[in-house]
Amino acid sequence: MKVVLVTGTTSGFGRMIAERLVARGHRVYGTCLPDFDGDRHSFGFPLLDLDVTADASVERCVAELVGEEGRIDVLINNAGVSIAGALEDTTIEEARWQMEVNLFGPMRMVRAVLPHMRAQGTGRILTTGSMGGHVGLPYQSVYCAAKYGLEGINEALRLELSGSGIDAAIICPGDFNTGFTAARVYTGNARSPTHARQIAITMGIAEEDEKNSPDPGMVADLYSRLVEARTLRVRYFVGSFTQRASIFLKWLLPATLFERIMRINYRLP
């Protein structure tokens, strides 16, 4: 049995992951924003207040869990948001919000749990990345930037943790129907005259892909296996065969040819 903290568990991947781990006998704590107005008792695991954009909130959350359990074996960095819009229509403030949640949020969580894991001499950090951290997606540039950033952090962190007994990996899902589509935020000027027609076409294709995607339980099952696995690889891709194959195509094909394929897929001029 492991003590596991999963961030962002009120819906989507996070809730599924937490429920799978509870079913496998682990002590699981989920998180929700402090102003969450849902029924906290409807979850099969305790919910801790957490705002990953605030240092004090992160510190309180981890301290509360460790105070209750005396240890933390696994951190699952899952909380995230998605902002869409052309780069030129995205303000720095909007981009900063995306980065605060999707990039700096996981960094805060890692910094908060590592002292406890080092004291234990063991621990595991699993982070939800994205295939968008390997392929730039039109009208999701800042989202991709955050996910690309998580890739670099994971690779460097693994080296920094060498010999500590603590391991880390990043999980890169493709498109799944988890409610993420409905929760996506568009920049205030996303439908500017320059991009209104094209963003409707391109994001319409992306959202159809998300709605007609594999069972998101695949991701929760993968996390369950990784929590219990003896060793971790650097990263794991999970999604449809087509999307997983696209990652390998990007590595194999000349960049301009892969870019042409992306233009065709998203009906870009």
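For the structure, check the block above.
Residues numbered from 1 in each chain as written. Predicted model: local features only at pLDDT ≥ 70, side-chain atom pairs only at ≥ 80, totals over all residues. Heavy atoms only, no water.

Novice: Teacher, can you tell me more about the overall build of the protein here?
Specialist: When its secondary structure is counted, the protein shows 9 helices and 9 strands. Computed over its C-alpha atoms, the radius of gyration of the protein comes to 19 Å, within 12% of the 18 Å expected for a compact globule of 269 residues. When the backbone C-alpha atoms are referred to their principal axes, the protein occupies close to 55 × 40 × 30 Å. Burial analysis of the protein (269 residues in total) assigns 49% to the buried set. (Helix = DSSP H or I, 4+ residues; strand = E, 2+ residues; numbered from the N terminus. Rg over C-alpha atoms; globule rule 2.2 N^0.38 Å. Buried < 20%, exposed > 50% of the residue type's maximum accessible area, 1.4 Å probe, protein only.)

Novice: Just checking my understanding: could you explain the packing of helix α1 (residues 12-23) against helix α7 (residues 217-228) for this structure?
Specialist: Two packed helices can be described by the angle between their axes and the distance between those axes. Two elements in contact, α1 and α7, have axes separated by 9 Å at closest approach and are oriented at 45 degrees. As the angle between them shows, α1 and α7 are arranged oblique. Crossing hand, α1 versus α7: right-handed. Along the contact surface, α1 presents Phe-13, Met-16, Ile-17, Arg-20 and Leu-21, while α7 presents Gly-217, Val-219, Ala-220, Asp-221, Tyr-223, Ser-224 and Val-227. Broken down by class, the residue content of the contact of α1 with α7 amounts to 8 nonpolar, 2 polar and 2 charged. (Axes fitted to C-alpha atoms, helices over the stretch in contact; angles between N-to-C directions. Parallel < 35°, antiparallel > 145°, perpendicular 65-115°, else oblique. Left-handed = near helix turned anticlockwise from the far one by under 90°. Contact = heavy atoms within 4.5 Å. Nonpolar A, V, L, I, M, F, W, Y, C, P; charged D, E, K, R; others polar.)

Novice: How should I be thinking about the packing of helix α2 (residues 55-69) against helix α3 (residues 92-120) in this particular structure?
Specialist: Packing of α2 against α3 leaves a shortest axis separation of 9 Å and a crossing angle of 35 degrees. The crossing of α2 and α3 is right-handed. Between α2 and α3, the contacting residues are Asp-55, Val-58, Val-62 and Val-66 on the first element and Arg-108, Met-109, Ala-112, Val-113 and His-116 on the second. Of the residues in the contact of α2 with α3, the class split is 6 nonpolar, 1 polar and 2 charged.

Novice: How should α1 be read in this particular structure?
Specialist: Structurally, the α-helix is built with 3.6 residues per turn, so residues lying three or four positions apart point the same way. With 12 residues, α1 should reach 16 Å at 1.5 Å per residue; the first-to-last C-alpha distance of 17 Å fits that figure. Within α1, burial applies to Gly-12, Phe-13, Gly-14, Met-16, Ile-17, Ala-18 and Leu-21. On its buried face, α1 is in contact with β1 (3-6), β2 (27-32), β4 (74-77), β7 (166-173) and α7. Among the residues trailing α1, Gly-25 stands out with phi positive, at a value near 90 degrees. (Expected span 1.5 Å × (residues − 1).)

Novice: Can you walk me through the pairing of β7 in this structure?
Specialist: Burial analysis of β7 places 7 of its 8 residues in the buried class, the great majority of the element. Relative to β7, strand β6 (residues 123-128) is paired through 6 bridges, and the arrangement is parallel. Across the sheet, residue Thr-128 finds its bridge partner in β7, namely Ile-171. Of the pairings in the sheet, the one linking β7 to strand β9 (residues 235-238) comprises 4 bridges and is parallel in character. Bridge assignment links Cys-172 to a residue of β9, and that residue is Phe-237. (Pairing = 2+ DSSP bridges.)

Novice: Looking at this structure, I do not really get a nonpolar patch on the surface. What am I missing?
Specialist: Together, Phe-104, Met-107 and Ile-153 make up a nonpolar patch on the protein surface, roughly 220 Å² of accessible area in all. Relative to the elements of secondary structure, Met-107 occurs in helix α3. Given the relative accessible area of 35%, Met-107 is considered partly exposed. (Patch = residues over 30% accessible without salt bridge, like charges linked within 9 Å, V, L, I, M, F, W, Y side chains within 5 Å. Areas by Shrake-Rupley, 256 points an atom, 1.4 Å probe, with all protein chains shown as cover. Salt bridge = Lys/Arg side-chain N within 4 Å of Asp/Glu carboxyl O.)

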